[in-house]
Amino acid sequence: MTAASSPTATDAFRVEPWLHRLGGLVARHPRAWIGLGNLETRLLRQELDEVALDAPIYIAGLARSGSTLLLEVLSRHPDVGCHRYRDYPMLFTPYGWRRFLARVPQQRRAPVERAHADGIAVTPESPEAFEEMLWMAFFPALHDPHESAVLDAATRHPQFESFYRDHLRKLLRIEERSRYLSKENYNFTRLEYLHRLFPDARFVVPVRDPVWHIASLMKQHRLFCAGQRAHPRALTHVQRVGHFEFGLDRRPINAADREAIERIEALWRDGAEVEGWARYWSHVHHFLADRLEAEPGLCDATCLMRYEALCAAPEPELRSVFEHCGLSIDAEALTREAAAIRFPAYYRPEFSDAEIATIRRLTDGAAARLGVMPAEGDAIGGRAGH
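Reading the values: the criteria
- Residues numbered from 1 in each chain as written.
- Predicted model: local features only at pLDDT ≥ 70, side-chain atom pairs only at ≥ 80, totals over all residues.
- Heavy atoms only, no water.
- Helix = DSSP H or I, 4+ residues; strand = E, 2+ residues; numbered from the N terminus.
- Rg over C-alpha atoms; globule rule 2.2 N^0.38 Å.
- Buried < 20%, exposed > 50% of the residue type's maximum accessible area, 1.4 Å probe, protein only.
- Contact = heavy atoms within 4.5 Å.
- Areas by Shrake-Rupley, 256 points an atom, 1.4 Å probe, with all protein chains shown as cover.
- Lys, Arg positive; Asp, Glu negative; His and termini not counted.
- Charge placed at Lys NZ, Arg CZ, Asp CG, Glu CD.
- Phe/Tyr/Trp six-rings, centres within 6.5 Å; stacked < 30°, edge-to-face > 60°.
- Lys NZ or Arg CZ within 6 Å of the ring centre and 35° of its normal.
- Salt bridge = Lys/Arg side-chain N within 4 Å of Asp/Glu carboxyl O.
- Pairing = 2+ DSSP bridges.
- Axes fitted to C-alpha atoms, helices over the stretch in contact; angles between N-to-C directions.
- Core = buried A, V, L, I, M, F, W, Y, C linked by side-chain atoms within 4.5 Å.
- Parallel < 35°, antiparallel > 145°, perpendicular 65-115°, else oblique.
- Left-handed = near helix turned anticlockwise from the far one by under 90°.
- Nonpolar A, V, L, I, M, F, W, Y, C, P; charged D, E, K, R; others polar.
- Arc of directions from axis to C-beta.

## Let's talk about the overall build of the chain
Tallying secondary structure elements over the chain gives 17 helices and 7 strands in all. Here the chain has a C-alpha radius of gyration of 20 Å; the compact-globule value for 386 residues is 21 Å, and the two agree. Dimensions along the principal axes, computed over C-alpha positions, put the chain at roughly 60 × 50 × 45 Å. Each of the 386 residues in the chain was classed as buried or not, and the buried ones make up 55%. Here the analysis covers contacts within the chain between residues at least 6 apart in sequence; of these, 79% occur between residues at least 24 apart. When the accessible surface of the chain is summed, it comes to about 17,200 Å², and 52% of that surface belongs to carbon and sulfur atoms. Taking the average place of the 49 positive charges on the side chains of the chain and the average place of its 53 negative ones, the gap between the two points comes to 5 Å.

Pasting the structure below:
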């Protein structure tokens, strides 16, 4: 029996029935839960008025670029508050839900490797990307590949903006922290909007060598397709939380270029996975480079972190990220965080020379603009998979 068909190979995708039912209750009635969230806000108004929203930190970028690694590291800073696995599915009422959980006896759970099979072990207390549920409730077309997902400085949505600011205040209040941290891959098409909402926000965008990056994306897509076929509730779960990066409902992010997205979708339908992913990588990163070049203020607020540089020299790279975010960290803590960072050892790209040439041809332009071109003879370049 192969690993893919082993009885335990897809167990990490199992969604408990109670969580599936409760998640459905929230997903089917977003307007009602927005109303409950606003009610919670009114009850806490005096407390929330005392909570400052200073320089929120946003980790954004294409999935599998190192964003979860950054989330794990930054979330351990004592000033930082963020969403956690235990917040799902009651995300719209974070204060009341956390208070409820604090009064209910909790079984201590050992860390388990997450469904991505990438060596990251999590518990209910681990940080996670759930913010997308809020965006989807107010902007329901965000994940329609045929509609632009870009929210720029001209975007206005007073109801969302009020709800969102109060939501962050509630989270900081219940966590007793002073800086909000978000890891939301899709926020890279909303950087200008977020910068307008929070002019002092700090953005961290990890960027990865496209050969390794596409290899990781393809590996995850195969893994999630198998897991969701074995456990159909897993597909529903990721749709509810807003993760469409890979799996049976894979949806590319339309960064204001419908023609490019239609070509990418056609390639994927035809089984041309490598070319499809390469064109998608280029689409996303050219958009990012365009926005940073067009908006000097946004560029100053954004730290581009090359994933390979972080793995090769984690201590100075992490120091730069913490400094950019305005978070102090002592030498001992920095060394401790850096010690756990290394190049992935659980997979390698297995592309042919022709496939690598295709990836390089289609991504070199965007990679050069963002400073992630591989060094001459780099093992993650032409020799990958050999």
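## A word on the packing of aromatic side chains
In the structure shown here, the tally under the stated rule is 23 aromatic pairs. One aromatic cluster is present, formed by F92, W135, F138, F139, F160, F163, Y164, Y193 and F198 through successive ring pairs. If you follow K170 out to its NZ or CZ, it ends over the ring of F163, 5.9 Å from the centre. Over the face of the ring belonging to W268 we find R250, whose NZ or CZ atom lies 3.8 Å from the ring centre.

## Some points on the pattern of salt bridges
Under the definition given, this model contains 24 salt bridges. R76 is the partner of E337 in a salt bridge, and the nearest nitrogen-oxygen pair spans 2.8 Å. With a gap of 261 residues between them, E337 in helix α16 (residues 331–339) and R76 in the loop between α4 (67–75) and β2 (80–81) connect regions that are remote in the sequence. Relative accessible area serves as the criterion here: at 48%, R76 is assigned to the partly exposed category.

## Let's talk about the sheet that holds strand β5 (residues 179–183)
Spatially, 5 strands are ordered β2-β5-β1-β6-β7 in an open sheet, and the strand pairing comes out parallel. Edge strands, defined here as strands with exactly one partner in the open sheet, are β2 and β7 (302–306). Lying over the sheet, α4 contacts β1 (57–59), β2, β5, β6 (202–207) and β7, oriented at roughly 160° with respect to β5.

## Examining the environment of A367
Note that A367 resides in helix α17 (residues 353–370). A367 sits 84 residues away from H283 along the chain, and the two C-alpha atoms are 11 Å apart. Beyond its immediate sequence surroundings of up to four residues, A367 is in contact with W281, V372 and M373.

## Some remarks on the nonpolar core
Generally speaking, a soluble globular protein has its nonpolar side chains buried in company with each other. Y58, F92, W135, Y164 and F351 are the most contacted members of the largest nonpolar core, which totals 87 residues. In terms of residues, this core owes the most to one element, helix α12 (residues 273–294), which gives 10 residues. Aside from chain neighbours lying at most four places away, what touches F92 is V26, W33, I34, G37, E40, M133, L134, A137, F163 and K170. One finds V73, C303, Y307 and L310 within the second-largest nonpolar core, a separate group that totals 23 residues.

## Notes on the packing of helix α9 (residues 210–230) against α17
Put simply, α9 and α17 touch, their axes get as near as 10 Å, and they point 115° apart. Viewed along their axes, α9 and α17 adopt a mutual orientation that is roughly perpendicular. Handedness of the crossing formed by α9 with α17: right-handed. Of the residues in α17, those in contact with P210, V211 and I214 of α9 are I356, I359, R360 and T363. Grouping the amino acids of the contact of α9 with α17 by side-chain chemistry returns 5 nonpolar, 1 polar and 1 charged.

## Notes on helix α5 (residues 94–103)
Buried within α5 are the following residues: P94, Y95, W97, R98 and L101. Along the axis of α5, the buried positions cluster into a sector of 165°, meaning they face one direction only. Looking at the packing, one finds that the buried side of α5 touches α2 (30–43), α3 (45–48) and α7 (158–175).

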